[in-house]
Amino acid sequence: MKDMKLAILYLLSIAMIIGGVVSCKNMGTRQLVRKKCVECHQKKVDEFKKAGVVHKPLKDNECESCHRPHGVIGGAYLKVSEKELCYTCHKEMKSVLDKKHLHAPTKESECLSCHSPHSSENKNLLKGKGNNLCFICHKEDAYSRKMQHAPLSDKGCLTCHDAHGSDYEKSLFDSTDAVCRKCHDFKKPGFVKSHSGYNPEGNTCVSCHTPHSSSNTKLLREFVHTPIDQNQCKSCHNSPESERPLGVKKTGAELCYECHTENRIAFAKAHVHDPVKKDNCLSCHSPHATDNKDATLLPDGKLCYSCHKEREKLIEKQHVHKPAGENNCTSCHNPHASDNDYELKETGKNLCYQCHKKDDFTQPNVHSPVKKGDCVTCHDPHASNHKFELRLAEVEQCYTCHQKEKMFFDRVNVHTPIRIGQCVVCHSPHSTTEKKLLVQKKNKLCFNCHKGMLDEISDGSVHESFAKGRCSTCHDEHASDNDCQLVEEGADNCYGCHKNIQTLSQKSKHTHMPIRDGKCTSCHNPHGSKIKGRLNRPAGSLCLSCHSGLALNIEKDEFQHAPAKERMCLKCHVPHYADIENLLTGKGVSLCKDCHNLNNPAMAVAHSGIAINKTDCIGCHETHSAENKGLMHKILHPPFKEGNCKKCH
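Residues numbered from 1 in each chain as written. Predicted model: local features only at pLDDT ≥ 70, side-chain atom pairs only at ≥ 80, totals over all residues. Heavy atoms only, no water.

K.L.:
It is not clear to me how the overall build of the chain should be interpreted in this structure. Could you clarify?
P.N.:
Assigned secondary structure in the chain consists of 35 helices and 22 strands. Taken against the 2.2 N^0.38 rule, which gives 26 Å for 649 residues, the C-alpha radius of gyration of the chain at 49 Å runs more than 25% over that of a compact globule. The principal-axis extents of the C-alpha atoms in the chain amount to approximately 150 × 115 × 45 Å. When each of the 649 residues of the chain is scored for burial, the buried share is 27%. Across the chain, contacts joining residues at least 24 apart in sequence account for 49% of those joining residues at least 6 apart. (Helix = DSSP H or I, 4+ residues; strand = E, 2+ residues; numbered from the N terminus. Rg over C-alpha atoms; globule rule 2.2 N^0.38 Å. Buried < 20%, exposed > 50% of the residue type's maximum accessible area, 1.4 Å probe, protein only. Contact = heavy atoms within 4.5 Å.)

K.L.:
What exactly am I supposed to notice about unusual backbone geometry here?
P.N.:
Backbone phi values are negative for most residues with the exception of glycine, while trans is the configuration of most peptide bonds. Its identity is not glycine, yet Ser-608 carries a phi of approximately 55 degrees, on the positive side. Its location among the elements puts Ser-608 in the loop between α34 (601-606) and β22 (625-626). One non-glycine residue, Leu-631, lies in positive phi territory at about 60 degrees. Note on placement: Leu-631 falls in the loop between β22 and α35 (638-641). Classification of Leu-631 by relative accessible area gives buried; the value is 12%.

K.L.:
Would you mind showing me how to read the state of the cysteines here?
P.N.:
One way to say it: the disulfide is the covalent bond shared by the sulfur atoms of two cysteines. Enumeration according to the criterion identifies zero disulfides in this entry. Left without a disulfide partner, Cys-572 is nearest to the cysteine sulfur of Cys-595, which lies 6.7 Å away. On the basis of relative accessible area, Cys-572 is assigned to the buried category, the value being 16%. (Disulfide = S-S within 2.5 Å.)

K.L.:
Would you mind going over the pattern of salt bridges with me for this structure?
P.N.:
Where charged atoms of side chains with opposite charge meet at close range, the side chains can pair. Tallied over the full model, the rule gives 17 salt bridges. The partner of Asp-459 in a salt bridge is Lys-530, with the nearest N and O atoms 3.5 Å apart. In this pair, Asp-459 is assigned in the loop between α25 (447-456) and β16 (461-462) and Lys-530 in the loop between β19 (528-529) and α30 (539-546), connecting sequence segments 71 residues apart. Here Asp-459 matches Lys-530 in class, with each residue exposed. (Salt bridge = Lys/Arg side-chain N within 4 Å of Asp/Glu carboxyl O.)

K.L.:
Is there a simple way to think about the packing of aromatic side chains in this case?
P.N.:
Inspection of the entire model under this criterion finds six aromatic pairs. Judged by centre distance (5.7 Å) and plane angle (50 degrees), the ring pair of Tyr-353 and Phe-361 falls under tilted. The class of Tyr-353 is buried, set by a relative accessible area of 16%. Following the ring pairs from residue to residue traces out a cluster consisting of Tyr-399, Phe-408 and Phe-409. (Phe/Tyr/Trp six-rings, centres within 6.5 Å; stacked < 30°, edge-to-face > 60°.)

K.L.:
Honestly, the side chain of Asp-557 in this entry has me stumped. Any pointers?
P.N.:
Residue placement: Asp-557 occurs in the loop between α31 (548-556) and β20 (559-560). Here Asp-557 is buried and forms no salt bridge, its nearest opposite-charge partner Lys-556 lying at an N-O distance of 5.3 Å. Every residue in contact with Asp-557, bar those within four places of it in the chain, is listed here: Ser-625, Ala-626 and Glu-627. (Lys, Arg positive; Asp, Glu negative; His and termini not counted.)

K.L.:
Help me understand the environment of Glu-108, please; the structure alone is not making it clear to me.
P.N.:
Among the structural elements, Glu-108 can be located in the loop between α6 (104-107) and β3 (119-120). Relative accessible area serves as the criterion here: at 40%, Glu-108 is assigned to the partly exposed category.

K.L.:
Which parts of the structure should I look at to understand the confidence of the model for the chain?
P.N.:
Predicted coordinates in regions of low pLDDT should not be interpreted in detail. Residues of the chain with pLDDT of at least 70 account for 94%, and the chain-wide mean is 89. Ignoring residues within four places in sequence, the model shows residues 17-29, a span with pLDDT below 50, making one contact including any to other chains. (pLDDT = per-residue confidence, 0-100.)

K.L.:
Would you explain a negative patch on the surface in this entry?
P.N.:
A cluster of acidic residues, Asp-483, Glu-488, Glu-489 and Asp-492, forms a negative patch at the surface. Along the polypeptide, Asp-483 turns up in the loop between β17 (479-480) and α27 (492-495). (Patch = residues over 30% accessible without salt bridge, like charges linked within 9 Å, V, L, I, M, F, W, Y side chains within 5 Å. Areas by Shrake-Rupley, 256 points an atom, 1.4 Å probe, with all protein chains shown as cover. Charge placed at Lys NZ, Arg CZ, Asp CG, Glu CD.)

K.L.:
How should I be thinking about the side chain of Ser-116 in this particular structure?
P.N.:
Within the fold, Ser-116 resides in the loop between α6 and β3. For Ser-116, a relative accessible area of 16% gives the class buried. Here Ser-119 takes part through its backbone oxygen, which lies 2.9 Å from a polar atom of the side chain of Ser-116. Discounting residues that sit within four places of it in the chain, Ser-116 has contacts with Leu-125 and Lys-127. (Polar contact = N/O pair within 3.5 Å; in protein donor to acceptor, adjacent residues only side chain to side chain.)

K.L.:
Whenever I open this one, the environment of Lys-107 confuses me. Can you help?
P.N.:
By secondary structure assignment, the location of Lys-107 is in helix α6. Each C-alpha atom, one on Lys-107 and one on Lys-277, is 42 Å from the other, the two residues being 170 residues apart in sequence.

Structure below.
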């Protein structure tokens, strides 16, 4: 049967194949015809084509020139990566990559930073018009000052710059002087006159003039050397008629000291900056003009890093000193000369006080390094990977001096601030009004973190030491081998104040087990409680939490002794120690007579007229609960069970 089914299936398969061949032969060969993108996306294409300039592939409805026809839902695949796609058509642009200086988008092959891939209202499919396109990346402030260079204001950036790349710096289309000569005739008499009779040579234009905009006339840079400002080039240079008109009258600092006479004396100090020592003023300053304060060649920090390269790496760290972070080296260092090491403007803490409020460091109790003025003992003056520019992680920084404390803190239980390495939670690292450099009075300090514990029991019975913030009476502020950083273990911690309980418990015949085991906190909350006696829970529930067998009997027995039923254990028992077994408050009938009137006639009747004023009630009665009425013992002597006491008495 199985073989027959397989044979039928085989024959049917052959029939389907033959039928398919015959069908194809009759119908002719069928081919898949690929639709163009525009057939589905015509609306989007029409929108793109409304713009003034349309990318040629889109204009010719050839979306497939750039896109793969199969993409993913919500997106379209490019045929090749964006960095390579444009070069498949614009092959000539790839040669730009060989230029020495490339515009950032060109260097990263991010053509779409400037160009729209589909259409635009601007020439060359640019995303913006003229300079506005450039200002997407370049901050406009530097280009929009009072006086603007004509190409910038009228013709646009591309008058001087190549938008993609160039063999000249700043992507200029030629050398600096050649670019300037395109508009300015250097030989023109008026031009020479405006330059004090000198004919500027080479790429010197931008040494005095800004190429974009300036706050000064003639596009002079923001900070102009006085002779330039007064058109007195002869002060430094040879006469225009001389053989070397642009040569200087004297070399090095000797020329500068002609005018800056006071500086020759001012710079004669113990520590002199190397360029000053070598009479090389021009290694830092421009002799003509610059956009940087004090006519420096570069902004403050960048100028320093041109020599001190190893320092520049410091600002890459996580925490940077504000002057270093703002590249303001001269906040701390004199750039020329000083009587202090490293050309510092002041020594020690006096330097720091220029920015940091002195009051924070001059309170009655001062940390030793601060007192000595050695701020850099703890802090790196430039940068660090640690908070507050500490040289080491906080706690490790403290241990560089406090080695003894480090050994002492190596305990089983460590106070959380120390464990997480934050000594400053409790101690001021600089100065304070409190002893041991505590940030607050000792009796209030702990409540900065533990205020919630006090609030929870504020209207209850609060342990006096806790209420007054004398936490160190019981706890070590730093570390201990005992739980909760207790000064002593168990009850010994309590006996420092409660000595009488220790003494009397030792003299008594019977002691409550928690007292005997030194576990006062089994019953008492050491800080306080809303329950009388600072108990952890109400007395009855507390007792039965240990005496679980008794609790079970009270629960299941039909009859309960009133104090047990009402969980008033302390009606009959004392909590700590006693000379009577079971910590009872009295012996025999004397224990019961406070609640039971022994002279009541009903009492005599209940006891068959037998006097009970000298008996021990528990001889007949259970103390907590029973299955029998009257709390009688479970097993009774027959005459007694029948109420026939006289048979024996």
